[in-house]
Amino acid sequence: MQHALPNARWAIALAAACAVQCAQAAPDAAQQRAAKLVSQMTLDEKIGMVFGQFGTEFQGKQPPTEALVQSAGYIKGIERLGITPQWLTDAGIGVASQPGKQTRERTSLPAGIATAATWNPALAFKGAAMIGKEARLSGFNVMLGGSVNLAREPRNGRNFEYTGEDPLLAGIMAGEQIRGVQSNHVISTIKHYAYNDQETGRNHLNVKIDDAAGRMSDLLAFQIAIERGNPGSVMCSYNRIGGVYGCENDHLLNKVLKRDWGYKGYVMSDWGAVHSTIPAALAGLDQQSGYPFDKSPYFDGALKEAVQNGHVPEGRLDDMVARILWAMSAHGVMDNPVKVRDKEIDYADHARISQEDAEEGIVLLKNAGNVLPLAPGSRRIAIIGGHANKGVLSGGGSAQVYPRGGMAVPNEGPAAWPGPMVYLPGSPMQALARRSKAKLDWHDGKDAAGAAKVAAGADVVLVFATQWTSEANDVPNLSLPNGQDALIAAVAKANPRTVVVLQTGTPVTMPWVDQVAGVVQAWYPGTNGGEAIARVLSGEVDASGRLPQTFPLAENQLPRPRLDGLDLPKDSRFDVDYDVEGAAVGYKWFDLKGHKPLFAFGHGLSYTSFTYTNLKAEAADGGIQVSFDTLNSGARAGKAVPQVYVSKVGAGWEAPKRLGGWDKLALNAGERRASKVAVDPRTLAVFDAASNRWKIAAGEYRVMLATAADAPVQTVTVRLPAREFAAGAR
Ligand code: BGC
């Protein structure tokens, strides 16, 4: 009887999962196809679909022979039913390789945080479409990114992979990355669901957060990215939430994701994040990944036995498989089989796409006396530190993309994973040399006194400061490492016309900020990043990035001045209390507490100036429709990022204001353009856990046009009627 009526059983399971949001929705074509395939499968075939293995040797255990070399994973197919195997690769910035002797060399986008800093969804799509294409041509049909954990914790070693601290910005940018990858018939896996916001203790730490606060912050970022990108897969996270592991969290998986948001795809585990068979299966995990990272092959023989014994209904197993097949069918993976065709990758074209992304993501933080763009008449430029004569830095861990042409600087950082520290070839110094008549004097920055000597008397000094961040390790504090603060201070003392170019994965503090003329945040700028930096410094392109994350003045401004778990042994169990700030993440916390940051969320200078007029706001489409004009009032072409913040008059929100929308406009000198911004209704609402609904209170709302979270330009008010809507609606 166990095997009877799999169709009907699956339909029941699907209906249960969709009880609230989509009970009425008829199965789409891909679901119908998936159900038909499931009905033809044996129990062993079904088990094979939900059990994934690591694609690389691990602790002496060999990967399946069919896996692609040094890859993230492999799941076997079913030839007789025309079901292709799944070949999995990391991830968000390009086709990554696990460490080993046969690393793939591929195009690397700038870090995710850099793409977020473009505030340009079209670029997020374009870059992701490019890496998705490289994935397909490399033989992969599942890519393990967009990554959208909110930057709640600025010391998080993985912030470089993510898209910042604001749920609307992060969700939209990650949603576009997902759409871009999937435009190649490659499944995108949004991760790490949820609250995996620090690496320290990630395997067992327990996040405490009120559900409503989560729905308005971290979960909202996922919700927006999922509705916009429609990813085939969601990766559940290592950590615990409310005492329960992410991959056996009934509330997050069954209730929020599948029921409230009506998610049709499958949940795969992070590598080593499964701790059980029956609880995980019943809580909504659909595929175990990366065995042998987990202690046991929970979704192999043990799951089969649990199904045979009735502890896991076969309908639930059918649902798991059907969800995987839905994703493979809906995103064209089944009908467009992959084959390794890496000779066809157009690296030159892809490098240009990456460069465009990097150029728009570079943020000009400070520009005293217009020290930038570099004056064409400069005679001598001193260039110091950061291996700027060799290449640009990238972030480490599973997202590591190895560059064509090999690493620009060998033997840096840890030899073992998450190392090595990879510098991509293409040096900013050489890119500047190609553009400037000035004499460029190099110093490696290893001794501050020597660097100061080279700096003295130069027309301008460029100090390249770096902070390598990676998966598995957080930074202990926000200071630049390796004595670079002292280096910058010494150089700035010798020559105040000093510009600091930062390649970091997350904010850093800047005790020297008043002593230098300029600060440029270049993040990890990816393939052709050196070219991108040189183009921004020389003014060939405008500086048009804006911060997707607040830069604190000091750690004592943070909800957790000290990182939780920092001093505890590995694999300790401890709580991280997100109830401290609730939904007031990033700039919202700074607003709430009245802290003045070093550089605010949304901040970024341009080489031209913009004037904003005509701000109007009206209630429309359940939210607010905003319009305004932007004039390029400066002397050169540039890109503006006008931001719309909303604020409820009176109490009731977690923080004084929220980002409600934005525009990014390329304008020639003297050009004026009108923008229309629709404020997402969820940024006007409070999530009510008791009714499981969003509620917009009737009353007055302030609509602020601003150039950063701390720089309002104009404000109008608008009256909204009361409105409420379902958890998965907007
Ligand atoms: C990471 C994931 C990654 C997986 C496979 C894990 O360590 O957390 O983001 O996709 O490994 O490499």
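Please read all numbers here as calculations on a predicted model, not as lab measurements.

Colleague: Would you explain the nonpolar core in this entry?
Modeller: Soluble globular proteins tend to bury their nonpolar side chains together. If you look at the biggest cluster of nonpolar residues, it comprises 130 residues, and the most contacted ones within it are Ile83, Tyr193, Phe299, Leu303 and Leu325. The element that contributes the greatest number of residues to this core is helix α12 (residues 314–330), accounting for nine residues. Each of domain 1 (49–344) and domain 3 (608–726) gives at least three residues to this core. Ala451, Leu487, Val516 and Leu547 belong to the second-largest nonpolar core, a separate cluster that totals 41 residues.

Colleague: Explanation requested: the packing of helix α5 (residues 121–137) against helix α6 (residues 167–182) in the structure shown.
Modeller: Two packed helices can be described by the angle between their axes and the distance between those axes. Two elements in contact, α5 and α6, have axes whose closest approach is 7 Å; the angle formed by their N-to-C orientations is 35°. The handedness of the crossing between α5 and α6 is right-handed. Residues Pro121, Ala124, Phe125, Ala128, Ala129, Ile131 and Gly132 of α5 touch α6, and the partners they reach there are Ile172, Met173, Glu176, Gln177, Arg179, Gly180 and Val181. Residue composition of the contact of α5 with α6, by class: nine nonpolar, three polar and two charged.

Colleague: Sorry if this is basic, but what is going on with the pattern of salt bridges here?
Modeller: Close approach of charged atoms allows side chains with opposite charge to pair. This model, assessed by the stated rule, comprises 52 salt bridges. The salt bridge partner of Arg379 is Asp459, with a shortest N-O separation of 3.7 Å. With Arg379 in the loop between β12 (363–367) and β13 (380–384) and Asp459 in the loop between α15 (448–455) and β17 (460–467), this pair connects stretches of sequence that are 80 residues apart. Accessibility expressed as a relative area gives 22% for Asp459, which makes it partly exposed.

Colleague: What exactly am I supposed to notice about the domain arrangement of the protein chain here?
Modeller: You'll often see interface size given as the accessible area lost when the parts meet. Domain boundaries in the protein chain define domain 1 (49–344), domain 2 (349–545) and domain 3 (608–726). Computed over C-alpha atoms only, the centres of domain 1 and domain 2 are separated by 32 Å. Taken together, the contacts link 41 residues of domain 1 with 43 residues of domain 2. When domain 1 packs against domain 2, close to 3,400 Å² is buried across both sides, 58% of that on carbon and sulfur atoms. Of all residues in domain 1, Glu105, Arg155 and Phe160 bury the most surface against domain 2, accounting for 17% of the area lost on that side. At the junction of domain 1 with domain 2, the criterion picks out three salt bridges. The interface formed by domain 1 and domain 2 includes 22 residue pairs in polar contact (both at pLDDT 80 or more). When residues of the side of domain 1 that touches domain 2 are traced back to their parent elements, those giving at least two are α4 (112–117) and α5. At six residues, the largest contribution of residues to the side of domain 1 that touches domain 2 is made by α5. Residue composition of the side of domain 1 that touches domain 2, grouped by class: 14 nonpolar, 15 polar and twelve charged.

Colleague: Whenever I open this one, the sheet that holds strand β32 (residues 723–726) confuses me. Can you help?
Modeller: In a beta sheet, neighbouring strands pair by backbone hydrogen bonds and run either parallel or antiparallel. The sheet built from three strands is open, its strands ordered β28-β29-β32 with antiparallel pairing. The outermost strands of the open sheet, each flanked by one partner alone, are β28 (686–688) and β32. The mean inter-strand angle of the sheet, taken between neighbouring strand axes irrespective of direction, is 30°. Across three bridges, β28 lies against strand β29 (residues 693–696) in antiparallel orientation. By the bridge assignment for β29, Val686 is matched with Lys695.

Colleague: I keep staring at the confidence of the model for the protein chain and nothing clicks. Help me out?
Modeller: Any residue range with low pLDDT should be treated as having predicted coordinates unsuitable for detailed reading. Residues of the protein chain with pLDDT of at least 70 account for 97%, and the chain-wide mean is 95. Every residue in residues 1–23 is under pLDDT 50, and counting partners more than four places away or in other chains gives 41 contacts.

Colleague: Is there a simple way to explain the packing of α15 against helix α16 (residues 484–494) in this structure?
Modeller: Where α15 contacts α16, the two axes come as close as 8 Å, and the packing angle between them is 30°. For the element pair α15 / α16, the angle class is roughly parallel. Of the two possible hands of crossing, α15 and α16 adopt the one that is right-handed. On the side of α15, the interface is formed by Ala448, Ala451, Ala452 and Ala455, while α16 contributes Leu487, Ala490, Val491 and Ala494.

Colleague: Sorry if this is basic, but what is going on with the side chain of Asp680 here?
Modeller: By the element assignment, Asp680 lies in the loop between β27 (672–679) and β28. Engagement of the side chain of Asp680 in a polar contact is seen with the side chain of Arg682, the distance being 2.9 Å. If sequence neighbours within four positions are ignored, Asp680 has contacts with Leu168, Ile224 and Gly660.

Colleague: Where do I start with the pairing of strand β21 (residues 610–620) in this structure?
Modeller: When a strand is regular, its side chains alternate between the sheet's two faces. Looking at chain direction, β21 and strand β22 (residues 623–632) are connected through nine bridges and run antiparallel. Residue pairing across strands places Ala619 opposite Ile624, the latter belonging to β22. Connecting β21 to the antiparallel partner β22 that follows it, the hairpin turn spans two residues, and Asp621 within it adopts a positive phi of roughly 50°.

Colleague: When you look at the state of the cysteines in this model, what are you seeing that I'm missing?
Modeller: Within this structure, the stated rule accounts for one disulfide. Here Cys236 engages in a disulfide with Cys247; their sulfurs sit 2.1 Å apart. Handedness of the Cys236-Cys247 disulfide follows from its S-S torsion of about 105°: it is right-handed. Highlighted residues: Cys236 in strand β7 (residues 233–236) and Cys247 in the loop between β9 (244–245) and α9 (250–260), separated in sequence by eleven residues. Here Cys236 falls in the buried class, since its relative accessible area comes to 0%.

Colleague: Honestly, the UniProt feature "domain: Fibronectin type III-like" (unreviewed entry) in the protein chain in this entry has me stumped. Any pointers?
Modeller: Under the feature "domain: Fibronectin type III-like" (unreviewed entry), the UniProt entry names residues 640–709. With 0% helix and 57% strand, the stretch residues 640–709 has end C-alpha atoms that lie 15 Å from each other.

Colleague: Could you clarify how one ought to interpret the side chain of Arg202 in this entry?
Modeller: Counting through the fold element by element, Arg202 comes out in the loop between β5 (187–193) and β6 (206–208). Separated by 2.9 Å, the side chains of Arg202 and Glu471 make a polar contact. Ignoring sequence-local partners within four residues, the contact set of Arg202 consists of Arg158, Asn196, Tyr238, Asn239, Trp417, Glu471 and Ala472.

Colleague: Explain the site of the ligand here, please?
Modeller: Around the ligand, the surrounding shell holds 13 residues, and the nearest of these are Asp90, Arg158, His192, Asp270 and Glu471. Protein contact buries 96% of the 310 Å² of open area that the ligand shows by itself. For the shell around the ligand, a count of residues per class yields four nonpolar, three polar and six charged.

Colleague: Please clarify how unusual backbone geometry should be interpreted in this entry.
Modeller: Among all residues save glycine, negative phi is the norm, and among peptide bonds the norm is trans. The step from Gly145 to Gly146 runs through a cis peptide bond, and the omega angle for that step is -15°. In this fold, Gly146 is placed in the loop between β4 (142–143) and α6. Residues Lys191 and His192 are joined by a peptide bond in cis, for which omega reads -10°. Residue placement: His192 occurs in strand β5. Here Gln70, not a glycine, exhibits a phi torsion of approximately 50°, which is positive. By the secondary structure assignment, Gln70 is in the loop between β1 (51–55) and β2 (71–75). Phi is positive for Trp119, which is not a glycine, with a value near 50°. Structurally, Trp119 can be placed in the loop between α4 and α5. Trp119 sits in the buried class, given a relative accessible area of 0%.

Conventions we followed
Residues numbered from 1 in each chain as written. Predicted model: local features only at pLDDT ≥ 70, side-chain atom pairs only at ≥ 80, totals over all residues. Heavy atoms only, no water. Core = buried A, V, L, I, M, F, W, Y, C linked by side-chain atoms within 4.5 Å. Buried < 20%, exposed > 50% of the residue type's maximum accessible area, 1.4 Å probe, protein only. Helix = DSSP H or I, 4+ residues; strand = E, 2+ residues; numbered from the N terminus. Domains from an automatic or database assignment. Axes fitted to C-alpha atoms, helices over the stretch in contact; angles between N-to-C directions. Left-handed = near helix turned anticlockwise from the far one by under 90°. Contact = heavy atoms within 4.5 Å. Nonpolar A, V, L, I, M, F, W, Y, C, P; charged D, E, K, R; others polar. Salt bridge = Lys/Arg side-chain N within 4 Å of Asp/Glu carboxyl O. Buried area = accessible area lost by both parts, 1.4 Å probe. Polar contact = N/O pair within 3.5 Å; in protein donor to acceptor, adjacent residues only side chain to side chain. Pairing = 2+ DSSP bridges. pLDDT = per-residue confidence, 0-100. Parallel < 35°, antiparallel > 145°, perpendicular 65-115°, else oblique. Disulfide = S-S within 2.5 Å. UniProt positions renumbered as here; feature names shortened; annotations may be inferred. Near = heavy atom within 4 Å. Areas by Shrake-Rupley, 256 points an atom, 1.4 Å probe, with all protein chains shown as cover.

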